[in-house]
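The primary structure of each chain is shown beneath.
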Amino acid sequence: KNRLKDLREDHDLTQQMVADQIGINTEVQYIETGIQQLTAELLVSLALLYNVSIDYLLCQTDNPNRY
């Protein structure tokens, strides 16, 4: 299961829209498939974009609520 892809699709965003909104040049596909490792900066940007916790992004919890 790909939580990042699911979140993007749940928010009706394209990969390009996510890249534009978080200000990256990297293709989001590489992030979603694990080719590009998640940095702390990228995790924070994605958590803010989707309004979820970083633990949720990393599949450490099934609770998406931010602390």
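Refer to the preceding data block for the structure.
Residues numbered from 1 in each chain as written. Predicted model: local features only at pLDDT ≥ 70, side-chain atom pairs only at ≥ 80, totals over all residues. Heavy atoms only, no water.

A. Structural context of the packing of aromatic side chains. Using the criterion set out here, one finds zero aromatic pairs in the structure. The ring of Tyr56 carries the charged tip of Arg3 above its face, separated from the ring centre by 3.9 Å. (Phe/Tyr/Trp six-rings, centres within 6.5 Å; stacked < 30°, edge-to-face > 60°. Lys NZ or Arg CZ within 6 Å of the ring centre and 35° of its normal.)

B. Spotlight on the side chain of Ser53. Considering the arrangement of structural elements, one finds Ser53 in the loop between helix H4 (40-50) and helix H5 (54-57). A polar contact is formed between the side chain of Ser53 and the backbone nitrogen of Tyr56, at a distance of 3.0 Å. In contact with Ser53, not counting residues within four places along its chain, are Ala47, Thr61, Asn63, Pro64, Asn65, Arg66 and Tyr67. (Helix = DSSP H or I, 4+ residues; strand = E, 2+ residues; numbered from the N terminus. Polar contact = N/O pair within 3.5 Å; in protein donor to acceptor, adjacent residues only side chain to side chain. Contact = heavy atoms within 4.5 Å.)

C. Looking closely at helix H2 (residues 15-22). Along H2, the residues that are buried comprise Val18, Ala19 and Ile22. Along H2, the residues classed as buried sweep out an arc of 100 degrees about the axis, all on the same side. For H2, the exposed residues lying more than 90 degrees away from the buried face are Gln16 and Asp20. On its buried side, H2 packs onto helix H1 (3-10), helix H3 (28-33) and H4. (Buried < 20%, exposed > 50% of the residue type's maximum accessible area, 1.4 Å probe, protein only. Arc of directions from axis to C-beta.)

D. Inspection of the pattern of salt bridges at higher detail. Applying the stated criterion to the full structure yields two salt bridges. The partner of Arg3 in a salt bridge is Asp62, and the shortest N-O contact between them spans 3.1 Å. With Arg3 in helix H1 and Asp62 in the segment after H5, this pair connects stretches of sequence that are 59 residues apart. For Arg3, a relative accessible area of 13% puts it in the buried group. A salt bridge links Arg8 to Glu32; the nearest nitrogen and oxygen atoms lie 2.5 Å apart. Note that Arg8 is positioned in helix H1 and Glu32 in helix H3, a separation of 24 residues in sequence. The residues Arg8 and Glu32 share a single accessibility class, namely buried. (Salt bridge = Lys/Arg side-chain N within 4 Å of Asp/Glu carboxyl O.)

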